[in-house]
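Spelled out from the first residue to the last, the chains are:
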Amino acid sequence: MSTVPPVDAADIPDFPHPRSSTCPFGLSPEMRRLAGRGPVSRVRSWGGSTPWVVTSHAEQKALLADSRLSADFSHPGFPSPVPPQNTGKADMSFVGMDDPEHARLRRMVSGAFTVRRVEALRPRVREMTETCIERMLDGPKPADLMEAVALPIPSMVISELLGVPYRDHDFFQTNSRTLVSAVADTGARQAAHARLAAYLDDLVGAKLAQPGDDLLSRLGERVEAGELTRREAATMGVLLLLGGHETTANMITLGTLLLLQHPDQLARLRDAGEDTEVVASAVEELLRYLSIVHLGRRRTALEDIEVAGHTIRAGEGVILLGELANRDPLVFPEPDTLDLARNARRHQAFGGGSHHCVGQPLARMELQVVYPALFRRIPTLRLATEVSRVPFKYDAVIYGVHELPVTW
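First things first, this report covers the structure right here in the doc. (Residues numbered from 1 in each chain as written. Predicted model: local features only at pLDDT ≥ 70, side-chain atom pairs only at ≥ 80, totals over all residues. Heavy atoms only, no water.)

## Describing the packing of helix α3 (residues 101-110) against helix α10 (residues 230-260)
So, step 1. Orientation of α3 relative to α10, taken along the N-to-C sense of each, is 70°, at an axis distance of 11 Å. Regarding the angle of α3 to α10, the classification is roughly perpendicular. The residues of α10 that touch α3, namely those facing Glu101, Arg104, Leu105, Met108 and Val109, are Glu232, Met236 and Leu240.
So, step 2. Here the residues of the contact of α3 with α10 are counted per class, giving five nonpolar, no polar and three charged. (Axes fitted to C-alpha atoms, helices over the stretch in contact; angles between N-to-C directions. Helix = DSSP H or I, 4+ residues; strand = E, 2+ residues; numbered from the N terminus. Parallel < 35°, antiparallel > 145°, perpendicular 65-115°, else oblique. Contact = heavy atoms within 4.5 Å. Nonpolar A, V, L, I, M, F, W, Y, C, P; charged D, E, K, R; others polar.)

## Here's the deal with the pattern of salt bridges
So, step 1. Summed over the entire model, instances satisfying the criterion amount to 24 salt bridges.
So, step 2. Arg32 serves as the salt-bridge partner of Asp336, at 3.1 Å between the closest nitrogen and oxygen. With Asp336 in the loop between α13 (322-325) and α14 (360-377) and Arg32 in helix α1 (residues 29-36), this residue pair connects regions lying 304 residues apart in the sequence.
So, step 3. By relative accessible area, Asp336 is classed as partly exposed at 37%.
So, step 4. Bridged by salt links that share partners, the residues Glu130, Glu134, Arg376 and Arg377 form one connected network. (Salt bridge = Lys/Arg side-chain N within 4 Å of Asp/Glu carboxyl O. Buried < 20%, exposed > 50% of the residue type's maximum accessible area, 1.4 Å probe, protein only.)

## Regarding the side chain of Lys393
So, step 1. Of note, Lys393 is situated in the loop between β9 (382-383) and β10 (405-407).
So, step 2. Buried within the structure, Lys393 lacks any salt-bridge partner; Glu246 is the closest side chain of opposite charge, at an N-O distance of 4.1 Å.
So, step 3. Discounting residues that sit within four places of it in the chain, Lys393 has contacts with Met146, Glu246, Asn250, His294, Ile398, Tyr399, Gly400, Val401 and His402. (Lys, Arg positive; Asp, Glu negative; His and termini not counted.)

## Description of the packing of aromatic side chains
So, step 1. Tallied over the full model, the rule gives six aromatic pairs.
So, step 2. Between Phe25 and Phe392, the ring centres sit 5.9 Å apart and the planes meet at 85°, which makes this aromatic pair edge-to-face. Here Phe25 is found in the segment before α1, whereas its partner Phe392 is found in the loop between β9 and β10, with 367 residues between them in sequence. As far as burial versus exposure is concerned, Phe25 and Phe392 are alike and both buried.
So, step 3. Counting every residue linked through ring pairs, the aromatic cluster contains Phe25, Phe392, Tyr394 and Tyr399.
So, step 4. The side chain of Arg288 reaches across the aromatic face of Phe332, ending 5.3 Å from its centre.
So, step 5. The side chain of Arg327 reaches across the aromatic face of Tyr289, ending 4.2 Å from its centre. (Phe/Tyr/Trp six-rings, centres within 6.5 Å; stacked < 30°, edge-to-face > 60°. Lys NZ or Arg CZ within 6 Å of the ring centre and 35° of its normal.)

## As for the pairing of strand β5 (residues 297-301)
Put simply, side chains in a regular strand alternate between the two faces of the sheet.
So, step 1. By the criterion of burial, β5 is predominantly enclosed, with five of the five residues buried.
So, step 2. The alternating pattern of β5 places Arg297, Arg299 and Ala301 and Arg298 and Thr300 on opposite faces, both of which are buried.
So, step 3. Of the strand pairs in this sheet, strand β3 (residues 69-70) and β5 are connected by two bridges, and their pairing is antiparallel. Residue pairing in the sheet places Leu69 in a bridge with Ala301 of β5.
So, step 4. Across four bridges, β5 lies against strand β8 (residues 317-320) in antiparallel orientation. Residue pairing for β8: Arg297 is matched across the bridge by Leu320. (Pairing = 2+ DSSP bridges.)

## Some thoughts on the packing of α10 against helix α12 (residues 276-290)
So, step 1. Taken N-terminus to C-terminus, the directions of α10 and α12 make an angle of 95°; their axes are 11 Å apart at the nearest point. Comparing the axis directions of α10 and α12 gives the class roughly perpendicular. Of α12, the residues touching α10 (which contributes Met251, Leu254, Gly255, Leu258 and Leu259) are Leu286, Leu287, Tyr289 and Leu290.
So, step 2. Residue classes in the contact of α10 with α12 are distributed as eight nonpolar, one polar and no charged.

## Structural notes on the sheet that holds β3
Each strand in a sheet pairs with its neighbour through backbone hydrogen bonds, running either in the same direction (parallel) or in the opposite one (antiparallel).
So, step 1. The strand order across the open sheet built from five strands is β1-β2-β8-β5-β3, with neighbouring strands paired in mixed fashion. At either end of the open sheet lies a strand with only one pairing partner, and these are β1 (40-42) and β3.

Shown next, in the form of structure tokens:
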């Protein structure tokens, strides 16, 4: 039983947008007010539904590891992050599954993202980064950092890892942007997913005929062994291709813009040189501070769950707001201060529990390479417009900027 009196329906606020044009790097005033309501409360969402929101770090960490919460999108009470007319029915592979099927499929790709294997890629990522920066320096000013550096690097990395031809980057980047849009309608999202799924299915077929040293070829081996259907292999490819470039590209641009607004913190990163601990710490703080997966991890309760004096009933939706967990003052003192010296490793930018981001070692490594290289090679890098004129991605599930004009 709940130990807290039920909240009157009229007192339930609408689900707030986490960002604000007046504070694009922080949290919107509405989001802060939601945090002030306590660690667990209700919000009004699409169609009048009233899912629970969890705002505190401790409760979120526990719930992300709780098997009584389901990640399956098909549950009637699942709290979609976008309006019903924009959801579509895209199959996002194991992200929308529960164990044991989630674990079975995830194990087929997780070996490619171990720390050891990712570290073996670091020299190649350094080479890519130097090439992209050099091309930007040789080109016109101002330049769009997103198009010149931030988007190409993770796109090339995930392409090589998967076995996807990078020459097709315009195709998969364009369709990926539609899939992570919060405003694209159902038809557009379904069409984008269908195009990517067909493209990856063709690639899996090619790998079956002529395998290589890449992840799609290894998935093809699973198909031949009867452990995986070709469709499952293709949808896993869609997930990894999308996740492997969209999030990191936005972190590169948004983190660069944030650092340009904090020259003292930028100097700490620039002066770190080959000090890998300082660089790694800086990346963790940027991940905490920016929290670019910014509409919450969404779940449905399979059983009644007691949380902070409230009872979340079976079938009710739950939204775990990582951007608020990462600003929890009980875990991160002065959480609104960017402090690259902070120990921020407890952040939840990559989620938690069995559904934590499978590619997080790769994302960390790429950021550890790109940020120092960018400011070492271009010490006079600066924004080529006013911050107020930068087009932030208020319209996307993954936060960032559409473009970032810079000069030097």
